[in-house]
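One-letter residues, chain by chain:
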Amino acid sequence: MRNIENSIGGLSSKLYKLGIIGSILGLFMASGVCAEYFTNCSSLLPGQYLCIDKNVDPRTQQPRGCNKLGRAKVICTAAPGIICTETSNGTFEHEIPCKYTNGYSYETALLLSVFLGMFGVDRIYLGYYAIGLAKFCTLGFLFLGQLIDIILIATQTVGPADGSHYVISYYGAGIEVIHMDNMTYRMPQEDWGVVGRGVKEL
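Computed from a predicted model, the values in this text were never measured in an experiment.

A. Spotlight on the layout of surface pockets. Volume-wise, the largest pocket comes out at about 520 Å³. In terms of lining, the largest pocket is formed by 24 residues, of which the most central are K99, Q156, H165, I175 and E176. The set of elements that each furnish at least two residues to the lining of the largest pocket consists of β4 (62-63) and β9 (165-167). For the lining of the largest pocket, the residue count by class is 11 nonpolar, 11 polar and 2 charged.

Next comes the structure, spelled out in structure tokens:
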């Protein structure tokens, strides 16, 4: 009987000690002492950080410091518990894509095309001086060239001659042109196999 009481007493003291240790670890984790992970934040994957403040320049309507390569640096915040080794806190500088602008307004180009396009003012504004002069001499190619340019500028197919983008509100109705080349991955479709079998049978 005494042995049973001793074993129960020893078991309860062990459980008591484990409970105290668990409580201390819980407090440490709640305070974030044991939950911090130190890493180089430039290697974080999407979803492990947020870049909420894009620091948009009112003049260009793009993130400040957007260069001709289409990249800009903004301050991002890592997920809770991740500490960046480069800043010793949860924030870091990250490069995001942007559209380099050189002062050509989309609204101005479109209005010039609608009201003065027959004189080639829209093309001269965008830097296409030869086409602008040709439109001026032919009255917008008898208004047909003016109509075509209105469509091309409205759909943002024709942009500034220097290769920059239009100044459009950052959260406005911009068009993203998607290009495809030989390095673009093409998702296999179900009917591709049927076409392939048909060619082999022929």
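Now that the structure has been shown, we can carry on.
B. Spatial organisation of helix α2 (residues 106-116). By the burial criterion, the buried members of α2 are Y106, A109, L112 and S113. Taken down its axis, α2 places every buried residue within 135° of arc, on the same side. Facing away from the buried side of α2 by over 90 degrees, the exposed positions are L111 and F115. On its buried face, α2 is in contact with β8 (101-105), α3 (121-126), α6 (144-154) and β9.

C. Region of the structure containing the pattern of salt bridges. Scanning all chains against the criterion turns up 6 salt bridges. Among the salt bridges present, the one from E95 reaches R71, with a minimum N-O distance of 3.6 Å. Here R71 lies in strand β5 (residues 71-78) and E95 lies in strand β7 (residues 91-97), a separation of 24 residues in the sequence. Look at R71 and you get partly exposed, because its relative accessible area is 30%.

Here is what the cut-offs are and how they apply
- Residues numbered from 1 in each chain as written.
- Predicted model: local features only at pLDDT ≥ 70, side-chain atom pairs only at ≥ 80, totals over all residues.
- Heavy atoms only, no water.
- 1 Å grid on protein atoms, 1.4 Å probe; cavity = no way out; pocket = protein on both sides within 12 Å on 5 of 7 lines; lining within 4 Å.
- Points joined across faces, edges and corners; volume = space filled by probe spheres on them.
- Helix = DSSP H or I, 4+ residues; strand = E, 2+ residues; numbered from the N terminus.
- Nonpolar A, V, L, I, M, F, W, Y, C, P; charged D, E, K, R; others polar.
- Buried < 20%, exposed > 50% of the residue type's maximum accessible area, 1.4 Å probe, protein only.
- Arc of directions from axis to C-beta.
- Contact = heavy atoms within 4.5 Å.
- Salt bridge = Lys/Arg side-chain N within 4 Å of Asp/Glu carboxyl O.

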